[in-house]
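Next come the chains, spelled out residue by residue.
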Amino acid sequence: MEQVIVNSLILGMNYALIALGLTLIFAIMNVLNFAHGQMYVLGGFITYYALQVLHLPFVVGLVASVVVLVLVGLLSERLLFRRAIRVSTREESTMLLAAGLALLLESLILLFFGEKQRGMPPIISGVYQVFGVYIPAGRAFVFAIALASLIGFVTFMQFTRPGRALRAIAQDKEVTALQGVNINRYGALGFGLGAGLTGLAGSLLATIFAVNSGLGTAVSIKAFIMVMLGGAGVVSGAIAGAFVLGFLESFGYAYMPGSVTYMLIFAGMIIFLVFRPQGIMGKPWG
Amino acid sequence: MSSYFEARNLDVYYDKVKALSDVSMVLGEGDIVAIIGTNGAGKTTTLRAFTGLTRIATGEIWYQGKRIDQLNPDQIVGLGISMVPEGRHIYPLMNVRDNLLMGAFLRRDKAEVKRDLERMCERFPFLKERMRQQASTLSGGEQQMVAISRALMARPKLLLMDEPSLGLAPKVVREIARSILAINREDKVSVILVEQNSRMALKLSSRAYVLETGRVALEGASEELVNNEDVRRLYLGA
Ligand SMILES: Nc1ncnc2c1ncn2[C@@H]1O[C@H](COP(=O)(O)OP(=O)(O)OP(=O)(O)O)[C@@H](O)[C@H]1O
Ligand SMILES: [Mg+2]
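Since the structure is predicted, the reported quantities are computational estimates derived from the model, not experimental observations.

So, how was this worked out
Residues numbered from 1 in each chain as written. Chains lettered and ligands numbered in written order. Predicted model: local features only at pLDDT ≥ 70, side-chain atom pairs only at ≥ 80, totals over all residues. Heavy atoms only, no water. Helix = DSSP H or I, 4+ residues; strand = E, 2+ residues; numbered from the N terminus. Expected span 1.5 Å × (residues − 1). Contact = heavy atoms within 4.5 Å. Buried area = accessible area lost by both parts, 1.4 Å probe. Salt bridge = Lys/Arg side-chain N within 4 Å of Asp/Glu carboxyl O. Donors = N, O, S within 2.8 Å, 3.2 Å for Na, K, Ca; no water. Buried < 20%, exposed > 50% of the residue type's maximum accessible area, 1.4 Å probe, protein only. Pairing = 2+ DSSP bridges. Near = heavy atom within 4 Å. Polar contact = N/O pair within 3.5 Å; in protein donor to acceptor, adjacent residues only side chain to side chain. Areas by Shrake-Rupley, 256 points an atom, 1.4 Å probe, with all protein chains shown as cover. Nonpolar A, V, L, I, M, F, W, Y, C, P; charged D, E, K, R; others polar.

Caption draft 1: Local environment of helix α7 (residues 170-186) of chain B. Residue and element names in this part refer to chain B. Taking 1.5 Å of rise per residue, the 17 residues of α7 would be expected to cover 24 Å, and the 24 Å separating its terminal C-alpha atoms lies within 8% of that figure. Those residues of α7 hidden inside the fold are in contact with β3 (32-37), α4 (110-123), α6 (140-152), β7 (158-162), β8 (190-195) and α8 (198-204). Downstream of α7 by a residue or two, Lys-188 has a phi angle that is positive, lying close to 55°.

Caption draft 2: Inspection of the interface of chain B and chain A at higher detail. In this complex, chain B contributes 21 residues to the contact, which on the side of chain A involves 22 residues. Together, the buried faces of chain B and chain A total about 2,100 Å²; carbon and sulfur atoms form 58% of this surface. Considering only the surface of chain B that becomes buried against chain A, Tyr-91, Leu-93 and Phe-105 of chain B emerge as the three largest contributors, covering 33% of it. Taken together, the links from chain B to chain A amount to 3 salt bridges.

Caption draft 3: Geometry of the coordination of the magnesium ion (ligand 2). All names here are of chain B. For the magnesium ion (ligand 2), every protein donor is listed as Thr-44 (OG1) and Glu-86 (OE), and the spread of their distances is 1.8 to 2.1 Å. Here Thr-44, found in helix α1 (residues 43-51), pairs with Glu-86, found in the loop between β6 (81-84) and α3 (96-103); they are 42 residues apart in sequence, far enough to count as distant. When its relative accessible area of 26% is taken as the criterion, Thr-44 is described as partly exposed. Take Glu-86: its relative accessible area is 31%, and that puts it in the partly exposed class.

Caption draft 4: A look at the pairing of strand β2 (residues 17-27) of chain B. Residues and elements named next belong to chain B. Of the pairings in the sheet, the one linking strand β1 (residues 5-14) to β2 comprises 7 bridges and is antiparallel in character. Residue pairing across strands places Glu-6 opposite Val-26, the latter belonging to β2. The hairpin turn running from β1 into β2, its antiparallel successor, is 2 residues long, and Asp-15 in that turn takes a positive phi close to 50°.

Caption draft 5: Representation of the site of ligand 1 within the structure. All names here are of chain B. Among the 13 residues in the neighbourhood of ligand 1, the closest are listed as Gly-40, Lys-43, Thr-44, Thr-45 and Gln-196. Note that an oxygen atom of ligand 1 is positioned 2.7 Å from one of the side-chain N or O atoms of Lys-43. For ligand 1, an oxygen atom lies 2.7 Å from a polar atom in the side chain of Thr-44. Protein coverage of the free-state accessible area of ligand 1, which is 630 Å², stands at 59%. Examining the composition of the shell around ligand 1, we find that 3 residues originate from one element, α1, more than from any other. Class assignment of the residues belonging to the shell around ligand 1 gives a composition of 3 nonpolar, 7 polar and 3 charged.

This is the structure:
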């Protein structure tokens, strides 16, 4: 039981990074990033490649994953989404574009990293024992980095000038331009940050669960579940949704036959959203 | 030869619908100029054109000897033109302090920004206790004052105000009117004031423009417009 709770927390913490990335891109750009899962997978593979193929230290792999994903986010905004938003008046255009980007990234991942499932040994070996619960050191490490990143991100959004500008854009784009904020530049920043967060999660979780090139869609679906549960565009909602999903998934996998868990999660989510369509924290952006 | 601020022969379209045609306006440094007109006359569109939110189809806009009609909104703020938008448009989910700090986004003089926060509290004393409060919890009048303060935090030299009296009680309208005069005289900010409350606008301004269906129907000294038969009948209900 305690073991499952610990697993839930580790999972929830990393899911929070994924959900925050998705909700940030949605709040700033009004884009539903269907390529989010593929960005996660790319982050995982880059870390795998750095560690297992190039034999570099984990820090290098982690930083490489984040940097590459931030660049992928920036470039996607600059070359694809900015133009699509400008020339199109229909919201479906950016959704189709994101779906296209997902396919593109998935093919590229397959091309570069192959179709094999890739895992790696824990980053740190050993096991901690806390109050009678065994926590593998590798997992504790992943939890700590995810927690630190989450705190860092929330602090950035809440207390810095660019963070404030991002929150402002999420609430009112035009009025924020009137305060002197370059909306294009900050849109790119939001997209880069959002992609970077999911790349970070991909890098961290690749050290616990393996990655494979086909994982992206499943991760995207999870990300959308978390954001819908928590409330789209809300920081606290993304975190809440992530932990709810982390717990449901860990407990489900621990106590039920494999495929039942997600069936129940989907059913539960549909019922929940019927009664509370705005999600747990349901407000535009907090 | 050129004025402090000047718009020449502006045409603006929304898709194919013409919203402004051949609108020209001038403002001298330190003036308060009013724009009055009924619903849909094009007042907001005019201010949107001045701030770069809406692109003009033809015409030119000049500010301090510089042509600004091809600039983006964020560049125009940088030149010293701020706007208080129609309907206030404060950030509802931010606290008052963050709202005001957004106004100072382009400023790097941190100490002065801090001092300006205090100055805003002197002008609108209610701000002091509300700094940490979410802006959506404020009353309409208070929100309007936050919107005005936010614009002032940029230290503008020209302030564009779109119906600051909209939906406010008479007593609050008088307070807003007083603060517009104070901003103009004490802070030396030129003002373009858009109002449906024509009486207030003509009282505060030295010159005024009357917009009708996207055209300048009348212009002149506010004192004279107050006594103009048509203006009295159509806009002052007298
Ligand atoms: N985004 C838009 N798309 C299409 N037409 C618009 C848009 N905004 C305004 N218009 C039209 O342009 C004309 C001028 O509108 P504008 O908002 O400038 O008037 P206004 O004088 O500010 O009116 P009000 O007193 O109601 O604020 C109106 O006919 C209006 O319907
Ligand atoms: Mg208007």
